[in-house]
Amino acid sequence: MLAEPKALSDSIPAHHAQVLDYLNAYQLEVAQLLNFSAPRLTYNRFVGSPRPT
């Protein structure tokens, strides 16, 4: 699992694309984009395609 911490006012599609690129590059299945800038923690969960074994 990959956890990508950010401290931004808003999450934009470029941040989502970055997390998806990390999933593909490291051949991971799950990632979370965490944003600590808001009054409450916000997050997005990403699931990559399963890798053949």
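Presented here is a report on the structure given in the accompanying data block. (Residues numbered from 1 in each chain as written. Predicted model: local features only at pLDDT ≥ 70, side-chain atom pairs only at ≥ 80, totals over all residues. Heavy atoms only, no water.)

Points about the sheet that holds strand 2 (residues 30–35)
Then, in step 1: Strand order across the open sheet formed by three strands is 1-2-3, with mixed pairing between neighbours. Unpaired on one side and paired on the other, strand 1 (2–6) and strand 3 (42–47) mark the two borders of the sheet. For this sheet, the mean angle separating the axes of adjacent strands, direction not counted, is 15 degrees.
Then, in step 2: Pairing between strand 2 and strand 3: six bridges, direction antiparallel. (Pairing = 2+ DSSP bridges. Helix = DSSP H or I, 4+ residues; strand = E, 2+ residues; numbered from the N terminus. Axes fitted to C-alpha atoms, helices over the stretch in contact; angles between N-to-C directions.)

Comments concerning the environment of A14
Then, in step 1: Here A14 shows up in helix 1 (residues 13–26).
Then, in step 2: A14 gets classed as partly exposed once you look at its relative accessible area, which sits at 49%. (Buried < 20%, exposed > 50% of the residue type's maximum accessible area, 1.4 Å probe, protein only.)

Comments concerning the packing of aromatic side chains
Aromatic ring pairs are described here by two measures, namely the spacing of the ring centres and the angle between the planes.
Then, in step 1: One pass over the full model with this rule turns up one aromatic pair.
Then, in step 2: Here Y22 and Y26 contribute two aromatic rings whose centre-to-centre distance is 6.4 Å and whose plane-to-plane angle is 45 degrees, an arrangement assigned as tilted. Note that Y22 and Y26 are positioned in helix 1 at a spacing of four residues, about one turn of the helix. (Phe/Tyr/Trp six-rings, centres within 6.5 Å; stacked < 30°, edge-to-face > 60°.)

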